[in-house]
Amino acid sequence: MHLVELFLPLRDNSGAAFPKALYDSVRAELADVFGGVTAFTRAPAAGLWEDDEGEVQRDDVVLFEVMVDNVDHAWWRNYRGTLEQRFDQDEVLVRATAVERL
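Note that this is a predicted model, so its numbers are computed, not measured.

Caption draft 1: Looking closely at the packing of aromatic side chains. Applying the stated criterion to the full structure yields seven aromatic pairs. On the numbers, 5.2 Å between centres and 90° between planes, the contact of Phe 34 with Trp 75 is edge-to-face. With Phe 34 in helix H1 (residues 20-34) and Trp 75 in helix H2 (residues 73-86), this pair connects stretches of sequence that are 41 residues apart. Aromatic side chains Phe 34 and Trp 76 sit 5.2 Å apart centroid to centroid with 5° between the ring planes, which places their arrangement in the stacked category. Of this pair, Phe 34 sits in helix H1 while Trp 76 sits in helix H2, and the two are 42 residues apart along the sequence. The exposure class of Phe 34 is partly exposed, given its relative accessible area of 27%. The exposure class assigned to Trp 76 is buried, which follows from its relative accessible area of 7%. A connected cluster of aromatic rings, assembled from ring pairs, spans Phe 34, Trp 75, Trp 76 and Tyr 79.

Here it is as structure tokens:
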């Protein structure tokens with residue numbers, strides 16, 4: 001079993017908040033495809049990284065996660081591209097971790 005996590009930004013590059021409908025559609029799509037989703041939207045996480053010029057960048061992000069038996073890399077690559085377009089991002093972090101259900 002794997003836990004797939006999607007890190008979605010709260011604001012666009014100009015600082016404007018993305019509309020709630022964008023997150024609602026992600027939640028609905030993941031629930032439809034995988035039968036469930038957990039969304040951590042009330043307490044955003046702060047993401048920091050260094051860009052190509054050495055400047056530290058910051059994003060407040062919300063986390064969506066789903067549990068899957070098998071990771072379909074092609075499906076996730078395509079969906080990540082869709083999210084990058086919707087949220088106008090160079091990259092949306094999507095990661096999968098092997099987990100054990102207890």
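Now that the structure is up, let's keep going.
Caption draft 2: Fine view of H1. Given a rise of 1.5 Å per residue, 15 residues ought to cover 21 Å, and the 21 Å separating the end C-alpha atoms of H1 matches this to within 8%. Where H1 is concerned, the buried positions are Leu 22, Tyr 23, Val 26 and Leu 30. Summarising the axial view, the buried residues of H1 lie within an arc of 95°, below the 170-degree limit, and thus occupy one face. Away from the buried face of H1 by more than 90 degrees, exposed residues Lys 20, Ala 21 and Asp 32 are located.

Caption draft 3: Structural detail: the packing of H1 against H2. Remark: H1 packs on H2, axes separated minimally by 12 Å, with the N-to-C direction vectors making an angle of 165°. For the element pair H1 / H2, the angle class is roughly antiparallel. Where H1 crosses over H2, the two elements pack in a sense that is right-handed. Facing Leu 22, Ser 25, Val 26, Glu 29, Leu 30, Val 33 and Phe 34 of H1, the residues of H2 in contact are Trp 75, Trp 76, Tyr 79, Leu 83 and Arg 86. Its residues assigned to classes, the contact of H1 with H2 comprises nine nonpolar, one polar and two charged.

Caption draft 4: Layout of the side chain of Glu 65. Here Glu 65 lies in strand E3 (residues 56-68). Salt bridges are absent for the buried Glu 65, whose nearest opposite-charge side chain, Arg 95, sits at 7.7 Å. The contact partners of Glu 65, leaving out residues within four places of it in the chain, are Leu 3, Val 4, Glu 5, Val 37, Thr 38 and Phe 40.

Rules used throughout
- Residues numbered from 1 in each chain as written.
- Predicted model: local features only at pLDDT ≥ 70, side-chain atom pairs only at ≥ 80, totals over all residues.
- Heavy atoms only, no water.
- Phe/Tyr/Trp six-rings, centres within 6.5 Å; stacked < 30°, edge-to-face > 60°.
- Helix = DSSP H or I, 4+ residues; strand = E, 2+ residues; numbered from the N terminus.
- Buried < 20%, exposed > 50% of the residue type's maximum accessible area, 1.4 Å probe, protein only.
- Expected span 1.5 Å × (residues − 1).
- Arc of directions from axis to C-beta.
- Axes fitted to C-alpha atoms, helices over the stretch in contact; angles between N-to-C directions.
- Parallel < 35°, antiparallel > 145°, perpendicular 65-115°, else oblique.
- Left-handed = near helix turned anticlockwise from the far one by under 90°.
- Contact = heavy atoms within 4.5 Å.
- Nonpolar A, V, L, I, M, F, W, Y, C, P; charged D, E, K, R; others polar.
- Lys, Arg positive; Asp, Glu negative; His and termini not counted.
- Salt bridge = Lys/Arg side-chain N within 4 Å of Asp/Glu carboxyl O.

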